Amino acid sequence: MWHGDYLFLIRNLVEKDFKVRYRNMSLGVLWSLLNPLIMMGVLTFIFTKIFAQPNDKNFPLYVLCGLVPLNFFTLAWATGTTSMLENAPLIKRVPVPRYVFPISSVLSNCLHLLIQILLLLGIVLVFGRAVTIHWLWLPLIWGLEILFVMGLVLAFSAVNVYVRDTRYVVESTNTVLFWLVPIFYSFTLIPARFRGIYEINPVAALVLMMRNVLLDGHAPLGSTFTKLAVVSVVMFGAGLFIFTKLKDGFYARL
Amino acid sequence: MLIDFQNVSKCFPHSTGRQLLRTHIARWFGRVHTEAFYALRNVSFRLEDGESLAIVGANGAGKSTLLSLAAGLTLPDEGTVQVNGRIAALLELGSGFHRDLTGAENLVLNAALLGLSKRRTKELFDSIVEFSGIGDFIDDPLRTYSSGMIMRLAFSIAIQCQPDILLLDEVLAVGDASFQEKSREALVALRRTGKSMLFVSHSPAAVREMCDRAIWMDHGAVMLDGSVSDVLDAYQGRSVMQQGQ
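Just so you know, these numbers come straight off a predicted model, no measurement behind them.

Student: Give a description of the pairing of strand β9 (residues 221-227) of chain B that names residues and reports values.
Tutor: Residues and elements named next belong to chain B. Taken together, the six bridges between strand β8 (residues 213-218) and β9 define a ladder with antiparallel strand orientation. Bridge pairing in β9 places W216 opposite L224. Following β8, the chain reverses through two residues before pairing antiparallel with β9; H219 in that reversal takes a positive phi of roughly 45°.

Student: A description of the nonpolar core should follow, citing residues and the corresponding values.
Tutor: As a rule of thumb, soluble globular proteins bury nonpolar side chains together. By size, the foremost hydrophobic cluster in this structure holds 134 residues, and its most contacted members are B:A70, B:L90, B:L167, B:L198, B:F199 and B:A214. Top contributing element to this core by residue count: helix α7 (residues 137-162) of chain A, with 13 residues. Three or more residues apiece are contributed to this core by two domains, here domain 1 (3-85 + 164-244) and domain 2 (96-163) of chain B. With residues up to four places along the chain from it excluded, the contact list for B:F199 reads B:S52, B:L53, B:A54, B:I55, B:L168, B:V207, B:M210 and B:C211.

Student: So what about the domain arrangement of chain B? Which residues, and what values?
Tutor: All names here are of chain B. Entries for chain B in the domain assignment read domain 1 (3-85 + 164-244) and domain 2 (96-163). At the interface, ten residues of domain 1 touch seven residues of domain 2. In terms of residue count, the dominant contributor to the side of domain 1 that touches domain 2 is helix α6 (residues 177-192) (three residues). Residue classes in the side of domain 1 that touches domain 2 are distributed as six nonpolar, two polar and two charged.

Student: So what about the interface of chain B and chain A? Which residues, and what values?
Tutor: Contact residues are listed per partner, giving 31 residues for chain B and 29 residues for chain A. Of all the elements in the fold, those that place two or more residues in the side of chain B that touches chain A are β1 (3-13), α1 (21-28) and α3 (103-113) of chain B. Across the side of chain B that touches chain A, the residue classes break down as 16 nonpolar, ten polar and five charged.

Student: Could you give an account of the environment of B:N7, with specific residues and numbers?
Tutor: All names here are of chain B. Inspection of the secondary structure assignment puts N7 in strand β1. For N7, a count of 12 C-beta atoms within 10 Å corresponds to the exposed category. With 99 residues separating them in the primary sequence, N7 and N106 have C-alpha atoms 39 Å apart.

Student: A description of the sheet that holds β8(B) should follow, citing residues and the corresponding values.
Tutor: Residues and elements named next belong to chain B. One open sheet accounts for six strands, arranged β5-β6-β7-β3-β8-β9; its pairing is mixed. Where the open sheet ends on each side, the last strands, each with one partner, are β5 (87-90) and β9. Between one strand axis and the next, the sheet turns through 15° on average, direction left out of account. Sheet contacts for helix α2 (residues 63-71): β3 (52-56), β5, β6 (165-169), β7 (196-200) and β8; angle to β6, the most-contacted strand, approximately 155°.

Student: An account of the confidence of the model for chain A is needed here, citing residue identities and associated values.
Tutor: The predicted model of chain A has a mean per-residue pLDDT of 90, with 98% of residues at 70 or higher. Put simply, helix α9 (residues 192-200) of chain A is where chain A has its lowest mean pLDDT, 84, and α7(A) is where it has its highest, 96.

Student: Go over the packing of helix α1 (residues 6-23) of chain A against helix α6 (residues 100-126) of chain A, please, and point to the residues and values.
Tutor: Residues and elements named next belong to chain A. Two elements in contact, α1 and α6, have axes separated by 8 Å at closest approach and are oriented at 55°. In this view, α1 runs oblique relative to α6, as classed from their interaxial angle. Judged by the twist between their axes, the crossing of α1 over α6 is right-handed. Taking contact as the criterion, the partners of L9, I10, L13, V14, D17 and F18 in α1 are, on α6, V100, I103, S104, S105, L107, S108 and L111. Taken together, the residues of the contact of α1 with α6 sort by class into nine nonpolar, three polar and one charged.

Parameters and conventions
Residues numbered from 1 in each chain as written. Chains lettered and ligands numbered in written order. Predicted model: local features only at pLDDT ≥ 70, side-chain atom pairs only at ≥ 80, totals over all residues. Pairing = 2+ DSSP bridges. Helix = DSSP H or I, 4+ residues; strand = E, 2+ residues; numbered from the N terminus. Core = buried A, V, L, I, M, F, W, Y, C linked by C-beta atoms within 7 Å. Buried ≥ 20, exposed ≤ 12 C-beta atoms within 10 Å, placed from the backbone. Domains from an automatic or database assignment. Contact = placed C-beta atoms within 7 Å. Nonpolar A, V, L, I, M, F, W, Y, C, P; charged D, E, K, R; others polar. Axes fitted to C-alpha atoms, helices over the stretch in contact; angles between N-to-C directions. pLDDT = per-residue confidence, 0-100. Parallel < 35°, antiparallel > 145°, perpendicular 65-115°, else oblique. Left-handed = near helix turned anticlockwise from the far one by under 90°.

Structure (structure tokens):
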């Protein structure tokens, strides 16, 4: 029905999100950097001064390796889930393929992610780590994570049209994730019988691999990487399937 | 043949308003009876190449549902809808606009939504701005525009992107008198180049000027399909009768 230029359209939707978000902020993109830095400072204070832990010299870096993936994940999931509702006027009036809304919502969050990753890499250098060959893993790991989030967002944005409570489930899950993802504690502290679950959780796996590459300076574990790859591809397929099943009912329900 | 509706019915559940978990659970237990209401009932018609077809009828007759089906926004429950060619639907003008973006940014985004390529958008940019008569305000955020200016910009984008079929939902009432005259002329010019239109309007004068054929709809069904004057006479006769009662 719609024979247009997909790339041009998605680029424009991503630009729109980005411009709209930053145009009314005097500090613009700086806000994107401020939030993780403040969180990093606060968590470092709490876990080195109050709940003092051994080996706390790299703690800020350690925490930031967890915060950046978590920030991206929670924000992309939450905004992606409401993306169909937010674009309801368009969906009811313009016959564009519906996929473009959740997809471009995730992509516009990827722009913020890029800024935050640059911040993270900057801090890594500040802490005296060298650039290693293993950094080449980063685009691959992040690519899989983005694929996972896209699948998740496709599914949740579609379900949210049918059941509007979905977004509250997402918001609550996001709050809980801060504790369930090893942000301020180490993967090795997790009892062995729970580790399997952590490795399947793509956010936790991502945090783990980020620390492997950036802090420890070695390649991520093959098994963790494989699990992330499988979970991401399956999630993307499932998201696409659910979205396709539900999309014909959008018009009547928006 | 550009558009072909065959025995098309479309029904909407009556209580679609609230998509909440509570509603869904209640429905599983059978405590909510969703009545369906038919927005369209067994509608068949064709739009031939180069033809301009008016749809008239009272509010709630199913005119807008018919346009959304033709635009591919939703699927029929029964029957088939076939469309050949590129459609531009001018349904609610400016639905894709964002108030914090400038006129120019909105223009490009809207063109992309209508399916234009990057190159085509660049080519058409100046003529769209010129047609809209927005002038230097094009680089100001949309929230500083008057509602008339917003409508003019939206209309200019749609009319300049030159689709095969134009779906118009009461859009000739856009802008001030001089812009209305300009859009009317643009539509007449489009018609002369052999473009087709599906035209929903409450203005008999506009229908008479723009269309070759008309369909009168009432409560989702086609009452009459024929020449503009026959259909308008029948429709207006019916309205007068109802007012007389």
